[in-house]
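Topology and contacts: notes
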Amino acid sequence: MNFIKNTLLATSISLALLAWSGSAAAVTDLQGKDIAIKSLVGKGHWTVFELWSSDCRMCKKSIESTNQFHAANPQVKMYGIALDGPGREEAVQEFIDQHNIVYPTLISDAVEMDTFLYKTARESFIGTPTLLVFNPKGELVAVQTGTETPTELGNFIKEHDQSVNSKNAEVEHAEKRG
């Protein structure tokens with residue numbers, strides 16, 4: 001499965017946590033208000049960002065899958081980040097309308113996302129579409145370029161959620177014994 005090969009290793013997550021505090025990407029909402037990605041992640045919820053561009057053909061297919069995933073998984077916070085760049089709000093809104101995107105969409109550009117990914121995960125931005133998956137603690141746990149089915153994305157989250165729950169149960173059990 002593509003998600004497994006692209007899952008960040010524990011050492012990468014550690015590096016990301018060290019770099020997280022200084023890794024603000026220039027992201028705005030459609031009205032031009034600055035938004036910090038780290039303010040949207042964590043808080044006990046899985047969060048998925050889909051990076052797309054209005055002129056990307058593959059993004060059209062990917063958005064369809066993301067819309068299906070979002071409809072089936074309302075407990076997962078979902079955001080789009082259009083990489084059309086500032087000043088292209090009209091093209092972004094047209095794409096949102098054409099593809100019935102119902103989750104919040106932000107705007108940035110490829111250079112900002114490349115900088116963010118490198119500072120956060122020591123990975124380079126490859127292209128659109130790309131999914132960024134953050135766990136409930138706000139840690140970036142996967143960067144996936146290309147399209148994924150709603151089932152693949154759901155399975156990835158489920159597997160990693162069980163892993164987290166299993167580790168928490170082990171810690172609780174050890175604390176009770178000790």
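Structure: see above.
Within each chain, residue numbers correspond to sequence positions counted from 1 in written order. Per-residue local features are limited, in this predicted model, to residues with pLDDT of at least 70; the limit for side-chain atom pairs, both in listing and counting, is 80 or more; totals at the level of whole chains, interfaces and linings are taken over all residues. Values reported for side chains reflect all heavy atoms of the structure, with hydrogen atoms and water molecules removed beforehand.

Glancing now at the pattern of salt bridges. A carboxyl oxygen of Asp or Glu within 4 Å of a side-chain nitrogen of Lys or Arg is what we treat as a salt bridge. Counting across every chain of the model gives 1 salt bridge. The salt bridge partner of D84 is R88, with a shortest N-O separation of 3.6 Å.

Let us now look at the packing of aromatic side chains. We call Phe, Tyr and Trp rings a pair once their centres come within 6.5 Å, taking the six-membered ring for Trp, and we label the pair stacked below 30 degrees between planes, edge-to-face above 60, and tilted otherwise. Counted under the stated rule, the structure contains 3 aromatic pairs. With a centroid separation of 5.7 Å and 80 degrees between ring planes, the pair formed by F49 and F134 is classed as edge-to-face. Separated by 85 residues along the polypeptide, F49 in strand 3 (residues 47-52) and F134 in strand 6 (residues 130-134) bring together distant segments of the chain. As far as burial versus exposure is concerned, F49 and F134 are alike and both buried. Look at W52 and F95: their rings are 4.3 Å apart centre to centre, the planes differ by 20 degrees, and that puts the pair in the stacked class. Here F95 lies in helix 4 (residues 89-98) and W52 lies in strand 3, a separation of 43 residues in the sequence. Strands here are runs of E lasting at least two residues and helices are runs of H or I lasting at least four, both read from the DSSP assignment and numbered beginning at the N terminus. Categorising residues by exposure relies on relative accessible area from a 1.4 Å probe, with only protein chains included: less than 20% of the type maximum marks a residue as buried, more than 50% marks it as exposed, and the intermediate range marks it as partly exposed.

Among the 6 residues of strand 4 (residues 77-82), 5 are classified as buried, and the element is accordingly described as predominantly covered. Note on pairing: DSSP must find at least two bridges between two strands before they are called paired. Of the strand pairs in this sheet, strand 3 and strand 4 are connected by 6 bridges, and their pairing is parallel. Bridge pairing links E50 to G80 in strand 4. Handedness rule for crossovers: strands pointing away from the viewer, path from the first strand over the helix to the second running clockwise, crossover right-handed. Handedness of the crossover joining strand 3 and strand 4 through helix 3 (residues 57-72): right-handed.

Our focus in this paragraph is the side chain of T47. Positionally, T47 belongs in strand 3. With residues up to four places along the chain from it excluded, the contact list for T47 reads L40, V41, G42, V76, K77, Y79, L132, V133 and F134. Residues count as neighbours in contact if any of their non-hydrogen atoms are within 4.5 Å of one another.

Moving on to the state of the cysteines. Put simply, a disulfide is two cysteine sulfurs that come within 2.5 Å. Applying the stated criterion to the full structure yields 1 disulfide. Covalent S-S linkage joins C56 and C59, the inter-sulfur distance amounting to 2.5 Å. With the S-S dihedral at roughly 85 degrees, the linkage between C56 and C59 falls on the right-handed side. With relative accessibility at 10%, the residue C56 sits in the buried group.

It is worth spelling out the pairing of strand 3 at this point. The element strand 3 is largely enclosed, with a buried count of 6 among its 6 residues. Every second residue of strand 3 is oriented toward a common face, with T47, F49 and L51 on one face and V48, E50 and W52 on the other, all of them buried. Summarising the sheet, strand 3 and strand 6 pair through 5 bridges and their orientation is antiparallel. Across the sheet, residue F49 finds its bridge partner in strand 6, namely L132.

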